[in-house]
Each structure stands twice: as C-alpha cells, then as structure tokens.
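Inside the fold
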Amino acid sequence: MRAVVVGAGAVGVRAARHLLFLGDVEALVVIDPRARRLEAVVESLGPPATAGTNAAGAFDGADVVVLCAPTGHQEAAESALERGASVVSVADDVATVRSLLSLDPEARERGRHVVVGAGFAPGLSCLLAAHAARSFEAVEEIHVAKVGTGGPACAQQHHRAVRGPAVESRGGVWQQRRGGSGRALIWFPDPICGVDCYRAALADPVLLALAFPGAERVSARVGASRRDRLTARLPMMRRPHPEGALGAIRVEVRGRQGVVHHDRVLGAVDRPAAAAGAVAAVAARWAVDGRLVRPGAAGLATLAEPGPFLAALAERGVKAAVFEGAGATSSTPVVTISEE
Amino acid sequence: MSAIRRAALALVLAGLAAAGVRFRRGGPVPLQQGGWRELSRPELK
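Residues numbered from 1 in each chain as written. Chains lettered and ligands numbered in written order. Predicted model: local features only at pLDDT ≥ 70, side-chain atom pairs only at ≥ 80, totals over all residues.

So, on to the packing of helix α11 (residues 272-289) of chain A against helix α13 (residues 306-315) of chain A. Between two packed helices, what matters for the description is the angle formed by their axes and the separation of those axes. Residue and element names in this part refer to chain A. Two elements in contact, α11 and α13, have axes separated by 10 Å at closest approach and are oriented at 125 degrees. By the criterion of interaxial angle, the relationship of α11 to α13 is oblique. As for how α11 packs across α13, the hand of that crossing is right-handed. Taken together, the residues of α13 that come into contact with α11 (itself represented by Ala278, Val279 and Val282) are Phe309, Ala312 and Leu313. Broken down by class, the residue content of the contact of α11 with α13 amounts to six nonpolar, no polar and no charged. (Axes fitted to C-alpha atoms, helices over the stretch in contact; angles between N-to-C directions. Helix = DSSP H or I, 4+ residues; strand = E, 2+ residues; numbered from the N terminus. Parallel < 35°, antiparallel > 145°, perpendicular 65-115°, else oblique. Left-handed = near helix turned anticlockwise from the far one by under 90°. Contact = placed C-beta atoms within 7 Å. Nonpolar A, V, L, I, M, F, W, Y, C, P; charged D, E, K, R; others polar.)

Moving on to the confidence of the model for chain B. The predicted coordinates should not be examined in detail at positions where pLDDT is low. Residues with a pLDDT of 70 or more make up 73% of chain B, whose mean pLDDT is 79. For this predicted complex, the interface confidence score (ipTM) comes to 0.79, while the overall pTM stands at 0.88. (pLDDT = per-residue confidence, 0-100.)

Time to look at the environment of Ala220 of chain A. Residues and elements named next belong to chain A. Tracing the backbone shows Ala220 in strand β12 (residues 217-223). For Ala220, a count of 28 C-beta atoms within 10 Å gives the class buried. Taking the C-alpha atoms as reference points, Ala220 and Asp32, separated by 188 residues in sequence, lie 31 Å from one another. In this structure, Ala220 is in contact with Val144, Leu202, Asp204 and Pro205, ignoring residues within four places of it in sequence. (Buried ≥ 20, exposed ≤ 12 C-beta atoms within 10 Å, placed from the backbone.)

Attention shifts here to the sheet that holds strand β6 (residues 113-115) of chain A. All names here are of chain A. The parallel open sheet is built from seven strands, whose spatial order is β3-β2-β1-β4-β5-β6-β15. Two strands in the sheet have a free side with no partner beyond their single neighbour: β3 (49-52) and β15 (296-298). When strand polarity is set aside, the average angle formed by the axes of neighbouring strands in this sheet is 15 degrees. (Pairing = 2+ DSSP bridges.)

Right, let's get into the nonpolar core. A general tendency of soluble globular proteins is for nonpolar side chains to be buried together. Residue and element names in this part refer to chain A. Counting residues in each nonpolar core, the largest one holds 135 residues, and the members touching the most others are Val65, Val66, Leu67, Ala129 and Ala280. Of the residues forming this core, the biggest block, 14 residues, is contributed by α11. Sequence-distant contacts of Val66, that is, excluding residues within four places in its chain, are made with Ala3, Val4, Val5, Val6, Ala15, Val88, Ala280 and Ala284. (Core = buried A, V, L, I, M, F, W, Y, C linked by C-beta atoms within 7 Å.)

Written as structure tokens, this is what we have:
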C-alpha cells in the first residue's frame, strides 16, 4: 500500500503510526507545511515514511490519501480522486463534510472511496451508532454526544461549533437550532461521567441521517463549559492547547424490535486525537483492502461493517463500551435539565 | 464619598450575581442505576 498523510498534527501523526503498525505499507508520505515538525515526525516514524512537500505531486501513485490537515480537504480529495486514490478525511465541520459528500458521484464513477468524517466524532460516533442500530428492525432516533478535543485545530472547531448553528434532522427535515442551547446532562463512560452538553454545529447528524434515512430524529451535542458558551461568539481568548485531555462519546439509538420500542447506549473514552488517528488509519487500510461496503463518498456508518471495524479499533486500543443495567433499556441515562 | 459607596455597591452586587451563577446548581447527579462495561469481542461480530 502506498499512503499519503496530509497534516502532521495530533491526528495525522497518530494516523501515520497506526498505518505503519497495520502493516503492508510500501511507502508513506507525510505532508505538512511546518518543515521542522515534518522532519521530526518522519524521523520518529522511520522508514518507509518520507517527507513530502508538494501535495498534488505526492498523490501520484498513492492508493489512499488520509486528510488530517485543518483545512483544504475538498481540494485535496478532488485531486486525490483524479489521481485514482481513495480518500479518508477526518474533517468534522458541517460545511466540509457536506462538500466532501458531494464528491459521491465522482467517487462511485471512479470506483474509489471517500470516507468522510473518519475521526473521533464524527467517525467513531458513526460506528457506535451503526453498531447499536443492529439491535433494531427500525431505527427511530439517534442522539450523539461528545466531550473533549484533540489538537489545536479541533479546539478551534469546538469553539466555532458552540457558536452554532446546530443542525438536527427531524422527520427528514433539517432544522437549525441555536448553538449553545438545549442543555442536557449526559452521562459518559468512566472516568468522564456527567457533563453538561449543548447543541452545536456538529457534522454527526449530517452523516447519520444519510446512513439512517428512516430515523425520525438525529441530533448531536457537545460538552461545553459556561466559559465556552460565553466566549463562543468572540475570537478565542488564548492559544488552543497542543492536545486536549481525555474525551468521550456517547451514542443513544432508539428503535423498534417487533412491537417493542427500546434504546441502546454505546460509548467510548479516549484521547480524541488518538482515537481519530486509529479510526482514520483503519478506514484507510479497509479502503485499500476493499473491505468497505461500497465505493463513493459517505460516513463510516454507511461504508463500514461496524462490528469488525470496532474490533479492529479495539486491537489498536480504542475500545467501545455499552451502558446496561436496570433502566438501561426502557429509559435513558440522560437527565435533560432544560430546553432553552 | 458617594462614588466610593456606588463602587462598593456595584462590587457587592457583582459578587452576589457571580455567587448566584456559581452555586445555582450542585453539579451532576450520579447515575442511580446501571453502568458501563466494555463490549466483548463476540459482541463485535
């Protein structure tokens, strides 16, 4: 496999390392505009990793291009498709995700994959939703919540997301809601536990509504502090951290099995950048190995078999959890405090 | 003197408002039922 990783940040480095661990990599080109950082990353990865400077030239002969840079995903994806490579993007903002999804006809025509939102959330969140959905004949609602950020670009995206507007699918109709509204106390797996989460401009509903067109409601919330909400409409007050602390995802899927309506709650805890790197690397490996369900541009809930993909992630240290116990199937472990 | 009194009053009011915001809620309530467990390999088939 010949792979190109664009972006040597918190996610890109992890994705490159996981790709090498997954094996059978003839060539791995890492591209980043920061020359010193790129040199250090390539040196730490070792052969067959090499530094690339010109993105378009580096895509020639590549089997897969993993896009982990903060911007430029659509242009890079178009360029990679033109050169016959599949694309894996960790983009998590709504506009970029929608623009990448618009490449579906071209990707199908070329018989290549464009895996959109192959990170922590969207990405791991989509896999958890798809896995939970397998418990139902019909999926009625999907609600995603996440807390935590990866590298600086992820922190900036979190800041923009809280500003909104949030997008939610209700009965197949897209609704815009105010970012930072709809506070709900969400209980994540230990040690994150209870976090106040709010509506935000998150891309998970865009990908999940595509994968589950019959779902009546698809929404997403993000954990945010009062300071996050207060300053969301201002520029960031201080430089974002190099990498955030532990984060978590919680996905609740409600559906029908026979005549019984119930729900299933899955979650995961990890450093968001580390988990995103693992998801992107496994998606790239699967794209090259022909293990994805179909060619085209879509999220992992559409393109991947969730169980085996989550098993592959578990081997890379990213483990999923299920909420169970008294009350887990009839009512949800979410306490909605207010609907602003 | 009146300016000092006004400033002191403003500070007290700001402090009360901040305390109201800070202590409005006691924080998350732990789950009373159920819990999380890792998905096993057979569950991921």
